[in-house]
Amino acid sequence: CDDHPIVREGFRQLIDADGRLWVAREFSSASEVLAPAALSDIAALVLDLSLPDGNGLDVIEHLARRYPELPVVVLSMHDAPSFARDALQRGALGFVSKRAAADALPEALVAACQQQRYVSQDVRERLEVPPDEGVEALTAREHAVFVELARGGTTQEVADALGIAAKTVYVHRTSLMQKLGARTEVDL
């Protein structure tokens, strides 16, 4: 599931060329993946985090509840350790950066089909270093709130954009200020 047709075609070629796997279906949105029976007879799902109609992290959580045996491998340009941590904590079995080597995606899918965790080397190296401070210490949700705030969004606009309550935005803002060492909202 990726919203860019040319990207899906490239991934299809990588997967098909491996010989151990094949692409059964393609999706371009969260709603397509979450549609009834969309995932029947699917051995594993490759999922981007940035979708036009939803957050891939939320899709992972939903799928983990609805299809606990379905392995999900995240393939994303968002390769900060916080995104990988969140994806794996929410139920993904694999996380591959779009910057990873070409063989990483098939390897991740094979591992996921065997219910084994896989993280591409470029992300794994950074995951092994515990976050100390700064942006690397943020969760994916905190990062999303941070980006929306940096764009000048009001609390309500951020809440609406991310589909969360305004109160939740305030909680994340407080956490952001603490983690980033900001004393005021202007500092943040």
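Quantities reported herein were computed from a predicted structural model and do not represent experimental measurements.

Overview of the overall build of the protein
Stage number 1. Counting secondary structure elements, the protein contains nine helices and six strands.
Stage number 2. A compact globule built from 188 residues would reach a C-alpha radius of gyration of about 16 Å, and the protein, at 17 Å, matches this within 12%.
Stage number 3. Judged by the C-alpha coordinates and their principal axes, the protein covers about 55 × 35 × 30 Å.
Stage number 4. Per-residue burial over the protein gives 43% buried out of 188 residues.
Stage number 5. Considering only intrachain contacts with a sequence separation of at least 6, the fraction spanning at least 24 residues in the protein is 57%.

Section: the pairing of strand S4 (residues 72-76)
Stage number 1. The element S4 is largely enclosed, with a buried count of five among its five residues.
Stage number 2. Taking every second residue as pointing to the same face, both faces of S4 are buried, with Val72, Val74 and Ser76 on one and Val73 and Leu75 on the other.
Stage number 3. Where strand S1 (residues 45-47) and S4 come together, three bridges link them in parallel fashion. Bridge pairing in S4 links leucine 47 to valine 74.
Stage number 4. Bridge count for S4 against strand S5 (residues 94-97) is four bridges, and the pairing is parallel. Paired with serine 76 across the strands is serine 97, a residue of S5.
Stage number 5. Each parallel crossover has a hand, and the one from S4 via helix H4 (residues 81-90) to S5 is right-handed.

Structural notes on the pattern of salt bridges
Stage number 1. Overall, the coordinates contain twelve salt bridges when judged by the stated rule.
Stage number 2. The network of salt bridges with common partners includes Asp58, Glu61, Arg90 and Arg141.

Considerations on the nonpolar core
Stage number 1. Among the nonpolar cores identified, the biggest contains 28 residues, and Val33, Leu39, Leu45, Leu47, Ile60 and Phe95 are the most heavily contacted of them.
Stage number 2. Put simply, the parts of the chain that give this core at least two residues each are helix H2 (30-34), S1, helix H3 (56-66), S4 and H4.
Stage number 3. Excluding anything up to four places from it in sequence, isoleucine 60 contacts Leu47, Leu49, Val72, Val74, Ala87, Arg90, Gly91 and Ala92.
Stage number 4. Val46, Leu93, Ala108 and Ala112 belong to the second-largest nonpolar core, a separate cluster that totals 17 residues.

What to know about the packing of H4 against helix H7 (residues 140-150)
Stage number 1. Orientation of H4 relative to H7, taken along the N-to-C sense of each, is 130°, at an axis distance of 8 Å. Judged by the angle between their axes, H4 and H7 are oblique. Across from Ser82, Phe83 and Asp86 in H4, the residues of H7 making contact are Ala140, Arg141 and His143.
Stage number 2. Its residues assigned to classes, the contact of H4 with H7 comprises two nonpolar, two polar and two charged.

With respect to unusual backbone geometry
Stage number 1. Unlike most non-glycine residues, alanine 37 shows phi in positive territory, near 65°.
Stage number 2. With respect to the helices and strands, alanine 37 occurs in the loop between H2 and S1.

Regarding the pairing of S5
Stage number 1. Of the two faces of S5, both are covered, the one formed by Gly94 and Val96 as well as the one formed by Phe95 and Ser97.
Stage number 2. In this structure, S5 lies alongside strand S6 (residues 118-119), joined through two bridges in parallel fashion. By the bridge assignment for S6, glycine 94 is matched with tyrosine 118.
Stage number 3. Taking the sense of rotation as the criterion, the β-α-β connection linking S5, helix H5 (residues 104-113) and S6 turns out left-handed.

What counts, and at which threshold
Residues numbered from 1 in each chain as written. Predicted model: local features only at pLDDT ≥ 70, side-chain atom pairs only at ≥ 80, totals over all residues. Heavy atoms only, no water. Helix = DSSP H or I, 4+ residues; strand = E, 2+ residues; numbered from the N terminus. Rg over C-alpha atoms; globule rule 2.2 N^0.38 Å. Buried < 20%, exposed > 50% of the residue type's maximum accessible area, 1.4 Å probe, protein only. Contact = heavy atoms within 4.5 Å. Pairing = 2+ DSSP bridges. Right-handed = clockwise from strand over helix to strand, strands pointing away. Salt bridge = Lys/Arg side-chain N within 4 Å of Asp/Glu carboxyl O. Core = buried A, V, L, I, M, F, W, Y, C linked by side-chain atoms within 4.5 Å. Axes fitted to C-alpha atoms, helices over the stretch in contact; angles between N-to-C directions. Parallel < 35°, antiparallel > 145°, perpendicular 65-115°, else oblique. Nonpolar A, V, L, I, M, F, W, Y, C, P; charged D, E, K, R; others polar.

Limitation: the analysis is restricted to geometry and does not speak to function.
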